[in-house]
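Architecture at a glance
In case you want the letters, here they are:
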Amino acid sequence: MEDGETLWKIGVIGERGVGKTSLINRFVYDSFTNSSSGEFTSQFIKKKVDCGEKCVETLLMEIDPKNLSPRKIIGTKAMIIIGDVTNIDTIDSMEKLGERIQEINPKTKLIFIANKSDLKYMAQYWVDEVKCIAEKYNGIVYGVVSAKTGENVKEGFSFMCHKIIKLSV
Ligand SMILES: Nc1nc2c(ncn2[C@@H]2O[C@H](COP(=O)(O)OP(=O)(O)OP(=O)(O)O)[C@@H](O)[C@H]2O)c(=O)[nH]1
Ligand SMILES: [Mg+2]
């Protein structure tokens, strides 16, 4: 890290199987596997994000909603709340998670992202529903992404960091 740069802790959270690990892997390693490990694995990965005006060093942390404790959220710059467009239940859980996180740490920025856009033909919701939730929690929306094809993944992380910088000044 260069002088003056800070490390942004960013949590990645969402129901089982929405694609938390896959999104991190796509973003950091530009890779994807169709299988899931079947169990939650905690990841802490550093990654530089280019957000136009500057580069931000982030520490991405996958968080299991079942183990969501204040300790995990305190100190986070942002929390990315992920849903799966093929599972309507995940929109409710995105909302509940947003509410809970905001109660614990009102300072953390909330980013709402729906994953699996490649499965559009099976989608049960799309960007408008995500926008509705984000508005309630003053959150940042970054439409729909696909960890599988990579659609909007890099752009989504850059957009998020750019927005955080703008909201922080
Ligand atoms: N088609 C498609 N499948 C995806 C996408 N992202 C993830 N998957 C699949 O969804 C399943 C779950 O993905 P994971 O990345 O393990 O999800 P997770 O949220 O980390 O799951 P847990 O850690 O168990 O809560 C895997 O079979 C992935 O291959 C996507 O964008 N498109
Ligand atoms: Mg995972």
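Residues numbered from 1 in each chain as written. Chains lettered and ligands numbered in written order. Predicted model: local features only at pLDDT ≥ 70, side-chain atom pairs only at ≥ 80, totals over all residues.

Our next topic: the nonpolar core. In terms of nonpolar packing, the biggest core is built from 39 residues, with Val 12, Met 79, Ile 80, Ile 81, Ile 111, Phe 112 and Ile 113 touching the most fellow members. Apart from residues lying up to four places away in sequence, Ile 113 is in contact with Ile 80, Ile 82, Tyr 142, Val 145 and Gly 156. (Core = buried A, V, L, I, M, F, W, Y, C linked by C-beta atoms within 7 Å. Buried ≥ 20, exposed ≤ 12 C-beta atoms within 10 Å, placed from the backbone. Contact = placed C-beta atoms within 7 Å.)

Our focus in this paragraph is the site of ligand 1. For ligand 1, the set of nearby residues contains 19 residues, the closest of which are Gly 19, Lys 20, Thr 21, Ser 22 and Lys 148. Counting residues per element, the shell around ligand 1 draws most heavily on helix H1 (residues 20-29), at three residues. When grouped by side-chain class, the residues that make up the shell around ligand 1 number four nonpolar, 10 polar and five charged. (Near = placed C-beta within 6 Å. Helix = DSSP H or I, 4+ residues; strand = E, 2+ residues; numbered from the N terminus. Nonpolar A, V, L, I, M, F, W, Y, C, P; charged D, E, K, R; others polar.)

What follows is about the pairing of strand S6 (residues 140-144). Looking along a regular strand, one sees side chains alternate from face to face of the sheet. Among the five residues in S6, four count as buried, and that is most of the element. Here strand S5 (residues 109-115) pairs with S6 via three bridges, running parallel. Its bridge partner lying in S6, Ile 111 is registered against Ile 140. After leaving S5, the chain enters helix H4 (residues 127-136) and then returns to the sheet as S6, a path that is right-handed. (Pairing = 2+ DSSP bridges. Right-handed = clockwise from strand over helix to strand, strands pointing away.)

A sheet is described by the order of its strands in space; here six strands give the open sequence S2-S3-S1-S4-S5-S6, paired in mixed fashion. Since the sheet does not close on itself, it has two edges, and those belong to strand S2 (44-50) and S6, each with one partner. With strand direction ignored, the average angle separating the axes of adjacent strands in the sheet is 25°. On the sheet, helix H3 (residues 89-104) packs against strand S1 (7-14), strand S4 (78-84) and S5 and is oriented at approximately 165° with respect to S4. (Axes fitted to C-alpha atoms, helices over the stretch in contact; angles between N-to-C directions.)

What follows concerns the packing of H1 against helix H5 (residues 153-168). Between H1 and H5, the least distance of the axes is 9 Å, while the angle of their chain directions is 90°. Taken together, the axes of H1 and H5 are roughly perpendicular relative to one another. Counted together, Leu 23, Arg 26 and Phe 27 of H1 and Val 153, Lys 154 and Phe 157 of H5 form the full contact between these two elements. (Parallel < 35°, antiparallel > 145°, perpendicular 65-115°, else oblique.)

Attention now goes to the environment of Gln 43. Assignment of secondary structure puts Gln 43 in the loop between H1 and S2. Taking the number of C-beta atoms within 10 Å as the measure of exposure, Gln 43 has 15 and is therefore partly exposed. Taking the C-alpha atoms as reference, Gln 43 lies 24 Å from Glu 99; in sequence the two are 56 residues apart.

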